[in-house]
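The primary structure of each chain is shown beneath.
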Amino acid sequence: MTRSISIFGATGSIGDSTLDLIRDDRANWDVVALSANCSAEKLARLAIEFDAQIAVVGDESCLAELREHLSGTSIETAGGEQALIEAAQRPADLTVAAIVGCAGLAPTMAAIEQGNTVALANKEALVSAGDVMTAKVARHGTTLLPVDSEHNAIFQCLQGNDIKDVSWITLTASGGPLRAKTMAELEAVTPAQAVAHPNWDMGAKISVDSATMFNKGLEFIEAHHLFPVGLDRLRIIVHPQSVIHSMVEYRDGSTLAQLGPSDMRVPIASALAHPRRMDTQCKPLDLASIGELTFFAPDERRFPSTKLAREAAYAGGGAPAVLNAANEVAVAAFLAGQVKFTDISAIVARTLDSYAPEAPGNLEAVLAVDTEARVRAKEMMEHA
Ligand code: NAD
Ligand code: MG
């Protein structure tokens, strides 16, 4: 039986990996909606290849170009933030949420309201919305499947067990491309150095997040919402080989780990086929050639972001949404050459210190916190 699928952020790195898997399993899927921010030419090409019902650009100024590329086809087109939400309301058995940043929050919430299955890559949406999102998932009986490799690993390690028996969840972190740099060297890191990840091929924003370790900070908060064992039972360990994607330790002393190649098609395939398995073209894990697995405690002096995220998680309220928004602003400024690498965590810290909004109770309130935090982060940047 075929299943219907929508992919938001179809032109990005997660979108590419997802569509790669669908391409190899074409007969089993009907594609409903594909979206991009702009990338009209690529989006149109994918919409034609996968015979999508509708192609949507988030940036309305790219709609004319999309229409041009799709003229003569029966594929519908739309543009703008509201169009993304409406596309996410179209019935689909599975929605892949792979937009980067809080920009993906509203369409993800719309997809959750369908009560089907949402495969979540867009961690910023969950970090910002937290309980607002998990409450919606519960209310609509939605199945939320984590695509982030660590959370997908934890999800797999929890199968067949009772979450009450968990004593620790350990998130592994590669440490990123700058793991061995000194404080002085970090000051001078360029965007090109920061995005050159040793193990994973990802979009620019998450690549910078991996370099600053904000990615692991966001994942700490993401894990807190997906696996409610309590913040005191979540920890982070640096594991440069990225072979173990995360671990769950139980009260009897057993630790379960999920291992695999550093290829996002593995966790995505596990979400697409859930609760079964599907074939992938991924290179099998060759442990003999990897030889050694090593582990280190994170260095929060050189990489303060995991500490900031942990503090924001404990503070609760709007703090995680502020952390995320300030980080998005600071990363964009770093990529544009406006601030130094080490300014990213400083801007986030200063924005968090500047106020403490209360816990947002609904989507609009989350977006309001996000908007204000962006304004404040830009002010902090000017005073950097
Ligand atoms: P990417 O930059 O490669 O792709 C992002 C996608 O979102 C593109 O299709 C882009 O057009 C779209 N987009 C960007 N801004 C938008 C906006 N304002 N409105 C609408 N659409 C917009 O990013 P990615 O690496 O594929 O990451 C996507 C998400 O998945 C992120 O939240 C990231 O943290 C998460 N994630 C990625 C990986 C990975 O290996 N790439 C792993 C785990 C989690
Ligand atoms: Mg991850």
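All figures in this text were calculated on a predicted structure; none of them were measured in a lab. (Residues numbered from 1 in each chain as written. Chains lettered and ligands numbered in written order. Predicted model: local features only at pLDDT ≥ 70, side-chain atom pairs only at ≥ 80, totals over all residues. Heavy atoms only, no water.)

Now for the overall build of the chain. Summing up its helical and strand segments, the chain has 18 helices and 11 strands in all. Radius of gyration (C-alpha) of the chain: 20 Å, near the 21 Å computed for a compact globule of 384 residues. When its C-alpha atoms are laid out on the principal axes, the chain stretches across 55 × 50 × 40 Å. Looking at the chain residue by residue over its 384 residues, the buried ones come to 54%. A separation of at least 24 residues holds for 68% of the contacts in the chain among residues at least 6 apart in sequence. (Helix = DSSP H or I, 4+ residues; strand = E, 2+ residues; numbered from the N terminus. Rg over C-alpha atoms; globule rule 2.2 N^0.38 Å. Buried < 20%, exposed > 50% of the residue type's maximum accessible area, 1.4 Å probe, protein only. Contact = heavy atoms within 4.5 Å.)

This part covers the environment of Asp 20. Within the element layout of this structure, Asp 20 appears in helix H1 (residues 13-23). Take Asp 20: its relative accessible area is 27%, and that puts it in the partly exposed class. For the pair Asp 20 and Val 147, spaced 127 residues apart in sequence, the C-alpha separation works out to 15 Å. At 3.1 Å, the side chain of Asp 20 and the side chain of Arg 23 are in polar contact. (Polar contact = N/O pair within 3.5 Å; in protein donor to acceptor, adjacent residues only side chain to side chain.)

The next thing to look at is the domain arrangement of the chain. When cut into domains, the chain gives domain 1 (3-146), domain 2 (151-315) and domain 3 (316-384). Contacts between the two partners involve 10 residues from domain 1 and, on the opposite side, 12 residues from domain 3. Counting the surface lost from both domain 1 and domain 3, the interface buries some 790 Å², and carbon and sulfur atoms represent 74% of this. Of all residues in domain 1, Cys 102, Ser 128 and Val 132 bury the most surface against domain 3, accounting for 51% of the area lost on that side. Where domain 1 packs against domain 3, one counts zero salt bridges. Summed over the shared surface of domain 1 and domain 3, the number is two residue pairs in polar contact (both at pLDDT 80 or more). Among the elements of the structure, helix H5 (105-112) and helix H6 (123-129) are those that each provide at least two residues to the side of domain 1 that touches domain 3. Looking at which element gives the most residues to the side of domain 1 that touches domain 3, the answer is H6, with four residues. (Domains from an automatic or database assignment. Buried area = accessible area lost by both parts, 1.4 Å probe. Salt bridge = Lys/Arg side-chain N within 4 Å of Asp/Glu carboxyl O.)

If you walk through the whole model with that rule in mind, you get 24 salt bridges. Asp 20 serves as the salt-bridge partner of Arg 23, at 3.1 Å between the closest nitrogen and oxygen. Placement of the pair is Arg 23 and Asp 20 together in helix H1, with a separation of three residues, close to one helical turn. Salt-bridge contacts for Glu 150 lead to Lys 216; the nearest nitrogen and oxygen are separated by 2.8 Å. Taken together, the residues Glu 150 in helix H8 (residues 149-158) and Lys 216 in helix H12 (residues 214-226) connect sequence positions 66 residues apart. The pair formed by Glu 150 and Lys 216 is uniform in burial state, with each residue classed as buried. In this structure, a network of salt bridges that share partners links the residues Asp 20, Arg 23, Glu 49, Asp 263 and Arg 265.

Turning our eyes to something else, we now look at the nonpolar core. Membership of the largest hydrophobic core comes to 128 residues, with the highest contact counts inside it found for Ile 5, Leu 34, Leu 66, Leu 105, Met 133, Leu 323 and Phe 341. Per-element accounting of this core gives the leading share, 11 residues, to helix H16 (residues 319-335). (Core = buried A, V, L, I, M, F, W, Y, C linked by side-chain atoms within 4.5 Å.)

Before going further, it helps to spend a moment on the coordination of the magnesium ion (ligand 2). Looking at the metal site, the magnesium ion (ligand 2) is ligated by Asp 148 (OD), Glu 150 (OE) and Glu 219 (OE), spaced 2.1 to 2.2 Å from it. On the primary sequence, the residues serving as donors to the magnesium ion (ligand 2) are separated as D-x1-E-x68-E. Here Glu 150, found in helix H8, pairs with Glu 219, found in helix H12; they are 69 residues apart in sequence, far enough to count as distant. (Donors = N, O, S within 2.8 Å, 3.2 Å for Na, K, Ca; no water.)

Turning our attention to the sheet that holds strand E8 (residues 166-173). Read from one edge to the other, the open sheet built from four strands follows the order E9-E8-E10-E11, with strand pairing classed as mixed. Of all the strands in the sheet, the pair left with one neighbour each is strand E9 (234-238) and strand E11 (255-259). Within this sheet the neighbouring strands show an average axis-to-axis angle of 20°, counted without direction. Its contacts with the sheet place H12 against E8 and E9, and it is angled at close to 150° to E8. (Pairing = 2+ DSSP bridges. Axes fitted to C-alpha atoms, helices over the stretch in contact; angles between N-to-C directions.)

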